[in-house]
Amino acid sequence: MTPTAPRIDAVFDLDALLTDEERDWQQRARRFAQERILPVIEEDFEQKHFRRELVRELGELGFLGMHLTGYGCAGAGAVSYGLVCLELEAADSGWRTLVSVQGSLAMSAIHKYGSEEQKQRWLPGMAKGELIGCFALTEPQGGSDPAAMTTTARRDGDEWVLDGAKRWIGLASLADVAVVWARVDDPTGSFGSGAKAVRGFLVPTSTPGFVATPIDGKLSMRASVQCDIALDGVRVPADAMLPGASGLSGPFGCLNEARYGIVWGAMGAARSCLEAALDRSTSREVFGKPIGANQLIQAKLADMFVEVEKGILLALHLGRLKERGALTPAQVSVGKLNSVREALEIAHQARAILGGDGITNEFPVMRHAANLESVRTYEGTDEIHQLVLGRELTGLNAF
């Protein structure tokens with residue numbers, strides 16, 4: 001059965017810009033979203049419930065680490081990956097986030113910077129969804145300033161000992177392995193760029209001293225899992241260090257992979273909100289006619305539609321650049337800043353069109369709006385991306 005295509009697709013023929021393979025990936029993701037996520041997502045959001053069993057299904061479909069090659073990964077193109085992110089986030093941001101945390105962060109870190117032994121140990125199981133990974137970079141006080149990292153790793157014989165804390169780490173309490181970024185006391189430069197070099201470590205979450213605690217009280221991303229991590233004398237062998245990453249360029253290389261997926265994903269949430277507003281505008285009658293027959297409503301719908309299509313076209317352009325190896329971090333910042341900011345505005349406009357009913361879970365709009373507040377914050381706030389672009393434009397660093 002072919003999954004239902006969004007009504008807006010008929011206005012702007014994006015399919016004509018895609019290959020058959022890209023459309024196939026999109027259709028598979030749309031089918032999964034419609035059949036496996038949408039029937040349960042409102043309940044899961046209300047109950048703060050994460051469906052662990054769906055992770056293996058995502059792996060079976062090839063979505064986990066799909067942009068990577070080898071080790072059981074699909075080796076799909078950047079546009080195909082983006083389209084999967086769009087369709088998953090059209091259902092809920094939490095499921096696109098899972099694909100990003102697993103594939104763009106944890107798996108990408110191992111694939112980019114790991115030894116062959118590390119890749120063989122972890123990546124095949126992660127691609128299948130049999131193993132879950134997390135990416136432990138953000139700290140309670142550091143936030144947008146990873147250079148202020150206080151988590152440390154010290155050498156003790158043939159082992160590394162990690163101490164510190166991380167916060168807002170997706171999937172950490174479910175993960176089998178954590179990619180933990182820490183400062184290494186290395187005055188000789190043997191393991192990096194000198195004293196306090198930042199390095200990555202693969203830490204099995206069963207290691208004594210590693211504790212991940214889900215963060216409660218969230219009003220956003222409620223069908224997803226984010227955690228605090230405590231590292232108290234966590235001992236790992238010498239070969240747990242990722243050999244190919246030294247300094248903050250290591251984690252930043254993975255963050256840009258995740259930001260790219262957000263460029264597409266946020267437009268999925270925006271599309272879902274637009275569809276809800278469009279359906280309501282033709283089914284609800286006020287003063288004897290559908291509200292969609294009013295000029296002000298049509299103007300809102302037109303503006304929302306234009307921003308969705310512009311956002312998807314921007315994402316497609318970035319995807320083609322990425323496939324040519326020409327995508328820059330500044331270009332990713334353009335996409336992340338624009339997509340999430342416009343998606344939130346579309347959610348707000350959709351809520352207004354839905355009236356009072358828009359605050360209920362009869363419609364997905366308030367859930368998307370709440371989730372997008374998180375998406376706006378993680379992988380670089382609006383302000384961080386504005387400063388990245390300001391530096392690119394002026395040549396002056398305002399950080």
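Model, not experiment: these values are computed from the prediction. (Residues numbered from 1 in each chain as written. Predicted model: local features only at pLDDT ≥ 70, side-chain atom pairs only at ≥ 80, totals over all residues. Heavy atoms only, no water.)

*Asks:* I keep staring at the packing of aromatic side chains and nothing clicks. Help me out?
*Replies:* Two aromatic rings, taken as a pair, are described by how far apart their centres are and by the angle between their planes. Taken as a whole, this structure holds 5 aromatic pairs when the rule is applied. Note on Trp 160 and Phe 201: the rings are 5.4 Å apart at their centroids and 65° apart in plane angle, and the pair reads as edge-to-face. One end of the pair, Trp 160, is in strand E5 (residues 159-170); the other, Phe 201, is in strand E7 (residues 197-204), with 41 residues separating them in the sequence. We note that Trp 160, like Phe 201, is buried. Here the basic side chain of Arg 222 rests over the ring of Phe 45, its NZ or CZ set 5.8 Å away from the ring centre. (Phe/Tyr/Trp six-rings, centres within 6.5 Å; stacked < 30°, edge-to-face > 60°. Helix = DSSP H or I, 4+ residues; strand = E, 2+ residues; numbered from the N terminus. Buried < 20%, exposed > 50% of the residue type's maximum accessible area, 1.4 Å probe, protein only. Lys NZ or Arg CZ within 6 Å of the ring centre and 35° of its normal.)

*Asks:* Any chance you could explain unusual backbone geometry here in plain terms?
*Replies:* Trans peptide bonds make up the majority, and among non-glycine residues the majority have a negative phi. For Phe 287, which is not glycine, the phi dihedral falls at a positive 55°. Assignment of secondary structure puts Phe 287 in the loop between strand E10 (285-286) and strand E11 (289-290). With a phi angle near 55°, Glu 379 is a residue other than glycine that sits in the positive phi range. Tracing the backbone shows Glu 379 in the loop between helix H10 (365-377) and helix H11 (382-394). Judged by relative accessible area, which is 15%, Glu 379 ranks as buried.

*Asks:* Explanation requested: helix H7 (residues 249-283) in the structure shown.
*Replies:* Along an α-helix, residues three or four positions apart point the same way, because every turn accommodates 3.6 residues. In this model, H7 (35 residues) spans 52 Å end to end at C-alpha, consistent with the 51 Å of a helix rising 1.5 Å per residue. The largest bend in H7 comes to about 30°, at Val 263. Here H7 lies mainly inside the structure; 29 of its 35 residues are buried. (Expected span 1.5 Å × (residues − 1). Bend = angle between axes of the 7 residues up to and from the residue.)

*Asks:* What is the right way to look at the environment of Asp 176 in this model?
*Replies:* Take Asp 176: it is sitting in the loop between E5 and strand E6 (177-184). Taking the relative accessible area as the measure of exposure, Asp 176 reaches 29% and is therefore partly exposed. Through-space distance from the C-alpha of Asp 176 to that of Gly 358 is 39 Å; in sequence the pair is 182 residues apart. Setting aside residues up to four positions removed in sequence, Asp 176 forms contacts with Trp 122, Glu 130, Leu 131, Ile 132, Val 203, Pro 204 and Thr 205. (Contact = heavy atoms within 4.5 Å.)

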